[in-house]
Amino acid sequence: DQQVKQNSPSLSVQEGRISILNCDYTNSMFDYFLWYKKYPAEGPTFLISISSIKDKNEDGRFTVFLNKSAKHLSLHIVPSQPGDSAVYFCAASGYSGTYKYIFGTGTRLKVLA
Amino acid sequence: EPEVTQTPSHQVTQMGQEVILRCVPISNHLYFYWYRQILGQKVEFLVSFYNNEISEKSEIFDDQFSVERPDGSNFTLKIRSTKLEDSAMYFCASKQGVGEEKLFFGSGTQLSVL
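Nothing here was measured: the structure is a model prediction, and the numbers come from that model.

## A word on the interface of chain A and chain B
- At the interface, 21 residues of chain A touch 21 residues of chain B.
- The interface formed by chain A and chain B includes one salt bridge.
- Between Glu56 of chain B and Lys100 of chain A there is a salt bridge, with its nearest N and O atoms 3.0 Å apart.
- Linking chain A with chain B are four residue pairs in polar contact (both at pLDDT 80 or more).

Here it is, written out as structure tokens:
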């Protein structure tokens, strides 16, 4: 049962342009969403998060949008830089006793110089 | 910034052997997790741990797996009798408190079962 889905396994974007990474979820009990960036052979690194009481959160070049009715969130990176090339995971949590975080399958972003 | 530390970075073992993966969570964190990622696949939840006991575990976390916080700083994952399909990158993570907080991950232990 894949509760968090990232339907695009990969994305290529030119340097300086916008990168948009998408994530869908099925569990309406999720109330907190996070994006992580991961390089090979390293642990996921936190990027940005959003609570279900908001529909947008911005941090520098990164903005996360949440559409609760569509159960959809997206991460916008503007402007994209070659150093942004990595695998991006969205994750979701909701109280199930432990705030377990469920990860999506990841999207590999390649920013072309 | 404080870090979650995992050792070893690589572990090679024979099928049927026991392995212990070690983690030192961030010192004031209270919630601890193990995740794993099989090559090319998603990051999968294994187990969460709070107040010296397992809070929740996934279907993957069967009787061959156990976790322990033996001394107040280390957090270990033991696999009693490894199988080929246990080969994966294992990540330890921690967070400070209950509620909406980010998880901090370690850099992982690559386990290879031969």
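## Re the layout of surface pockets
- In this structure, the largest pocket spans a volume of roughly 460 Å³.
- In terms of lining residues, the largest pocket is bounded by 22 residues, among which Lys38 and Arg108 of chain A together with Gln37, Leu39 and Gly40 of chain B are the most central.
- Only strand 9 (86-93) and strand 11 (107-112) of chain A together with strand 9 (88-95) of chain B provide two or more residues apiece to the lining of the largest pocket.
- In terms of residue class, the lining of the largest pocket is made up of ten nonpolar, nine polar and three charged.

## Topic: the sheet that holds strand 1 (residues 5-7) of chain B
All names here are of chain B.
- Here four strands make up an open sheet; going across it, the order is 1-3-8-7 and the pairing antiparallel. In this open sheet, the two strands that pair with only one neighbour each are strand 1 and strand 7 (65-68). Going from strand to strand, the sheet's axes swing by 20° on average, the running direction of each strand aside.
- When strand 7 meets strand 8 (residues 75-79), the two strands line up antiparallel, connected through four bridges. Looking at the pairing, Val67 lines up with Leu77 of strand 8.

## Some points on the state of the cysteines
- With the rule as written, the count across this model stands at two disulfides over all chains.
- Between the sulfur atoms of Cys23 of chain A and its disulfide mate Cys90 of chain A the distance is 1.9 Å. The chirality of the disulfide connecting Cys23 of chain A with Cys90 of chain A is right-handed, given an S-S dihedral of about 60°. Of this pair, Cys23 of chain A sits in strand 3 (residues 19-25) while Cys90 of chain A sits in strand 9, and the two are 67 residues apart along the sequence. Each member of the pair, Cys23 of chain A as well as Cys90 of chain A, carries the same accessibility label: buried.
- Two residues share a disulfide in this structure: Cys23 of chain B and Cys92 of chain B, whose sulfurs sit 2.0 Å from each other. Here the disulfide of Cys23 of chain B and Cys92 of chain B is left-handed, its torsion about the S-S bond being about -65°. Of this pair, Cys23 of chain B sits in strand 3 (residues 19-24) while Cys92 of chain B is found in strand 9, placing the two residues 69 residues apart along the sequence. In this pair, the class of Cys23 of chain B matches that of Cys92 of chain B, namely buried.

Rules used throughout
Residues numbered from 1 in each chain as written. Chains lettered and ligands numbered in written order. Predicted model: local features only at pLDDT ≥ 70, side-chain atom pairs only at ≥ 80, totals over all residues. Heavy atoms only, no water. Contact = heavy atoms within 4.5 Å. Salt bridge = Lys/Arg side-chain N within 4 Å of Asp/Glu carboxyl O. Polar contact = N/O pair within 3.5 Å; in protein donor to acceptor, adjacent residues only side chain to side chain. 1 Å grid on protein atoms, 1.4 Å probe; cavity = no way out; pocket = protein on both sides within 12 Å on 5 of 7 lines; lining within 4 Å. Points joined across faces, edges and corners; volume = space filled by probe spheres on them. Helix = DSSP H or I, 4+ residues; strand = E, 2+ residues; numbered from the N terminus. Nonpolar A, V, L, I, M, F, W, Y, C, P; charged D, E, K, R; others polar. Pairing = 2+ DSSP bridges. Axes fitted to C-alpha atoms, helices over the stretch in contact; angles between N-to-C directions. Disulfide = S-S within 2.5 Å. Buried < 20%, exposed > 50% of the residue type's maximum accessible area, 1.4 Å probe, protein only.

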